[in-house]
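Next come the chains, spelled out residue by residue.
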Amino acid sequence: MSDPSSINGGAAVAMVGKDCVAIASDLRLGNQSLGVSNNFEKVFQFGDKTFLGLTGLASDVTTLSQVFRLKTNLYKLREERSIEPQTFANLVSSTLYEKRFGPYFIGPIVAGLDSKTDKPFICGFDLIGCIDFAKDFIVSGTASDQLYGMCESLYEPNLEPEDLFETISQALLNAVDRDALSGWGCVVYVITKDRVVKRVLRTRQD
Amino acid sequence: MDIIIGLTVKEGTIIATSKAATRGISILKDNDDKTRQLNSHNLIAYTGESGDTVQFAEYIQANIQLSTMRENEIELSPKAVASFVRNQLATSIRSRKPYQVNALIGGYDTKTQKPSLSWVDYLGTYVELPYGAHGYSAFYCTSLFDKHYRKDMTIDEGLKLLQMCVDELNRRMPIDFKGVYVKIVDAEGIRQIDFN
């Protein structure tokens, strides 16, 4: 009930396709059972092709998205290039472990393409920064059980961008409909070599 | 619990707060104003632990006014004010004794000429909303807002909708909250208006 990571609700998922990745989240922000906002995006961009999904306590989602904006901006000034997904994953991990004994109550996921090789990269974390590398999909949030079920049944390797969009969308849509704390709209990013496409999905409004 | 409601209309933001100051089973005061003016186009309305609330609101007020003086009378935008409040509460929640304060910040951005309503709770959760409320009143009012709210409402239409909310609260709330103070933030600044 007063578990910080399930006060506000929310879900996020990332998937790997053929030379592309997709990352998606729902848009709900609630206070326990009461829906407060239907416009709370949980996916943030921190490089040309580096994305972060942040579920959990909304206060920490905002705090961390601001911390990472600061850190990646300073990184860009130092390195004169934007951060790679791999590097960013390590940045997330070390940032979270700094707060080992008073953690941020979040479930981050990273998705992106390496700028040199165009190789897809996804990974997830626990709240203290342990990295979970995966080659297929990563789920996070209050609908993570449902997302695991949907992804295990819908996912197949080497999907083209359009098919990957369909797969991740259906996985998320059907997962959040079985979770009282998630839903109220979804947003999906499909990242390919030469472009990033953002789509907002209409969902059930209950 | 105290009542705090806010909504944005086409040309401004309307904020209503209950007049009753309650402690246990007693109403101590029937003319309690739960708002503080931060600068000429920003108003904070608050609920929560008595003692914390006024302390926190006046601390915010002082800092925003200090900023205005330091920045040569250039005032912070509603977004900047709300971010500052959020940041204070997000820092506070991990301290030894956090402020237990929930707030609505009504603002009017004079640069973009857009009204705004920021919903901030004691955890440091911050969202911008077309309409919102804190506490039990949120349960009664949000459904009314969902049904009747339109983005392009005038101030008068907004006040009519607010009247519906207050009527509903008078009907359903177990204790008398002694009516509400209503303040409007728009291009002209902040003003209080007569309400029932």
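Residues numbered from 1 in each chain as written. Chains lettered and ligands numbered in written order. Predicted model: local features only at pLDDT ≥ 70, side-chain atom pairs only at ≥ 80, totals over all residues. Heavy atoms only, no water.

An unreviewed UniProt entry annotates chain B as Proteasome subunit beta originating from Scheffersomyces spartinae. You can read under Function (unreviewed entry) in the UniProt record for chain B the words "Component of the proteasome, a multicatalytic proteinase complex which is characterized by its ability to cleave peptides with Arg, Phe, Tyr, Leu, and Glu adjacent to the leaving group at neutral or slightly basic pH. The proteasome has an ATP-dependent proteolytic activity." (UniProt positions renumbered as here; feature names shortened; annotations may be inferred.)

Chain A carries the name Proteasome subunit beta in an unreviewed UniProt entry, which gives Scheffersomyces spartinae as its organism. Quoted straight from UniProt, the Function (unreviewed entry) entry for chain A says "Component of the proteasome, a multicatalytic proteinase complex which is characterized by its ability to cleave peptides with Arg, Phe, Tyr, Leu, and Glu adjacent to the leaving group at neutral or slightly basic pH. The proteasome has an ATP-dependent proteolytic activity."

A.B. asks: Teacher, can you tell me more about the packing of aromatic side chains here?
C.D. replies: Note on aromatic pairs: each is described by the distance of the centres and the angle between the planes. Residue and element names in this part refer to chain A. Within the structure shown, the criterion is met by 10 aromatic pairs over all chains. Judged by centre distance (6.2 Å) and plane angle (70°), the rings of Phe46 and Phe68 are edge-to-face. Taken as a pair, Phe46 in the loop between strand S5 (43-45) and strand S6 (50-56) and Phe68 in helix H1 (residues 58-79) lie far apart in primary sequence, 22 residues in all. Take Phe46 and Phe68: they sit in the same class, and that class is buried. Taking 5.1 Å as the distance between ring centres and 45° as the angle between the ring planes, the aromatic pair formed by Phe51 and Tyr189 counts as tilted. (Phe/Tyr/Trp six-rings, centres within 6.5 Å; stacked < 30°, edge-to-face > 60°. Helix = DSSP H or I, 4+ residues; strand = E, 2+ residues; numbered from the N terminus. Buried < 20%, exposed > 50% of the residue type's maximum accessible area, 1.4 Å probe, protein only.)

A.B. asks: I keep staring at the sheet that holds strand S12 (residues 189-193) of chain B and nothing clicks. Help me out?
C.D. replies: Backbone hydrogen bonds are what pair the strands of a sheet, in a parallel or an antiparallel way. Residue and element names in this part refer to chain B. Spatially, the five strands line up as an open sheet ordered S10-S1-S2-S11-S12, and their pairing is antiparallel. Two strands close off the open sheet at either side, each with one partner strand: strand S10 (131-134) and S12. Between one strand axis and the next, the sheet turns through 15° on average, direction left out of account. Here seven bridges tie strand S2 (residues 12-18) to strand S11 (residues 180-186), and the two strands are oriented antiparallel to one another. Considered in S11, the bridge of Ile15 is made with Lys183. Against the sheet, helix H3 (residues 136-148) touches strand S1 (4-9) and S10, its axis set at about 165° to S10. In this fold helix H4 (residues 155-172) packs onto S1, S2, S11 and S12, with an angle of close to 155° to the strand it touches most, S1. (Pairing = 2+ DSSP bridges. Axes fitted to C-alpha atoms, helices over the stretch in contact; angles between N-to-C directions. Contact = heavy atoms within 4.5 Å.)

A.B. asks: What is the right way to read the interface of chain B and chain A from this model?
C.D. replies: It is common to report an interface's size as the accessible area lost on association of the parts. Each side of the interface is counted separately: chain B has 14 residues, and chain A has 20 residues. The largest contributions to the chain B side of the interface with chain A come from Arg86, Arg94 and Leu123 of chain B, which together make up 41% of the buried area. Inspection of the chain B/chain A interface yields one salt bridge. Here Arg94 of chain B and Asp60 of chain A are joined by a salt bridge, their closest N and O atoms 2.5 Å apart. Inspection of the chain B/chain A interface yields five residue pairs in polar contact (both at pLDDT 80 or more). If you list the elements that add at least two residues to the side of chain B that touches chain A, you get helix H2 (78-92), strand S9 (126-128) and H3 of chain B. Counting residues per element, the side of chain B that touches chain A draws most heavily on H3 of chain B, which supplies three residues. Within the side of chain B that touches chain A, the residues separate by chemical class into eight nonpolar, three polar and three charged. (Buried area = accessible area lost by both parts, 1.4 Å probe. Salt bridge = Lys/Arg side-chain N within 4 Å of Asp/Glu carboxyl O. Polar contact = N/O pair within 3.5 Å; in protein donor to acceptor, adjacent residues only side chain to side chain. Nonpolar A, V, L, I, M, F, W, Y, C, P; charged D, E, K, R; others polar.)

A.B. asks: Would you mind showing me how to read the side chain of Arg28 of chain A here?
C.D. replies: Residue and element names in this part refer to chain A. Mapped onto the elements of the fold, Arg28 is located in the loop between strand S2 (20-26) and strand S3 (29-31). Buried and unpaired, Arg28 has Asp26 as its nearest opposite-charge partner, separated by 6.6 Å. Within the structure, the side chain of Arg28 is placed 2.9 Å from the backbone oxygen of Leu181, a separation counted as a polar contact. (Lys, Arg positive; Asp, Glu negative; His and termini not counted.)

A.B. asks: What's the story with the pairing of strand S11 (residues 186-192) of chain A in this structure? I'm lost.
C.D. replies: The side chains of a regular strand alternate between the sheet's two faces. All names here are of chain A. Across the seven residues that make up S11, a large majority, seven, are buried. Burial along S11 is two-sided: Cys186, Val188, Val190 and Thr192 facing one way and Val187, Tyr189 and Ile191 facing the other are all buried. Both S2 and S11 contribute to a ladder of seven bridges, which runs antiparallel. Looking at the pairing, Asp26 lines up with Cys186 of S11. For S11 and strand S12 (residues 196-201), the ladder comprises six bridges, and the chain directions are antiparallel. Within S12, the residue paired with Val190 across the bridge is Val197. As consecutive antiparallel partners, S11 and S12 are separated by three residues.

A.B. asks: Help me understand a nonpolar patch on the surface in this model?
C.D. replies: A cluster of nonpolar residues, Leu70, Leu74 and Leu77 of chain A, forms a patch on the protein surface that exposes about 330 Å² of accessible area. With respect to the helices and strands, the residue Leu74 of chain A is situated in helix H1. (Patch = residues over 30% accessible without salt bridge, like charges linked within 9 Å, V, L, I, M, F, W, Y side chains within 5 Å. Areas by Shrake-Rupley, 256 points an atom, 1.4 Å probe, with all protein chains shown as cover.)

A.B. asks: Teacher, can you tell me more about the packing of helix H3 (residues 144-154) of chain A against helix H4 (residues 161-176) of chain A here?
C.D. replies: Helices that pack against each other are described as a pair by the angle of their axes relative to one another and the distance between those axes. Residue and element names in this part refer to chain A. Packing of H3 against H4 brings their axes to within 8 Å, and their N-to-C directions diverge by 145°. Crossing angle aside, the handedness with which H3 passes H4 is right-handed. Contacts from Gln146, Leu147, Met150, Cys151 and Leu154 in H3 reach Thr167, Gln170, Ala171, Leu172, Asn174 and Ala175 in H4. When its residues are assigned to classes, the contact of H3 with H4 shows seven nonpolar, four polar and no charged. (Left-handed = near helix turned anticlockwise from the far one by under 90°.)

A.B. asks: Whenever I open this one, the nonpolar core confuses me. Can you help?
C.D. replies: Soluble, globular proteins show a tendency: their nonpolar side chains are buried together. Val13, Met15, Ile23 and Leu172 of chain A are the most contacted members of the largest nonpolar core, which has 42 residues in total. It is H4 of chain A that contributes the most residues to this core, eight residues altogether. Residues Leu29 and Ile106 of chain A together with Leu104 and Leu117 of chain B belong to the second largest nonpolar core, which totals 33 residues. (Core = buried A, V, L, I, M, F, W, Y, C linked by side-chain atoms within 4.5 Å.)

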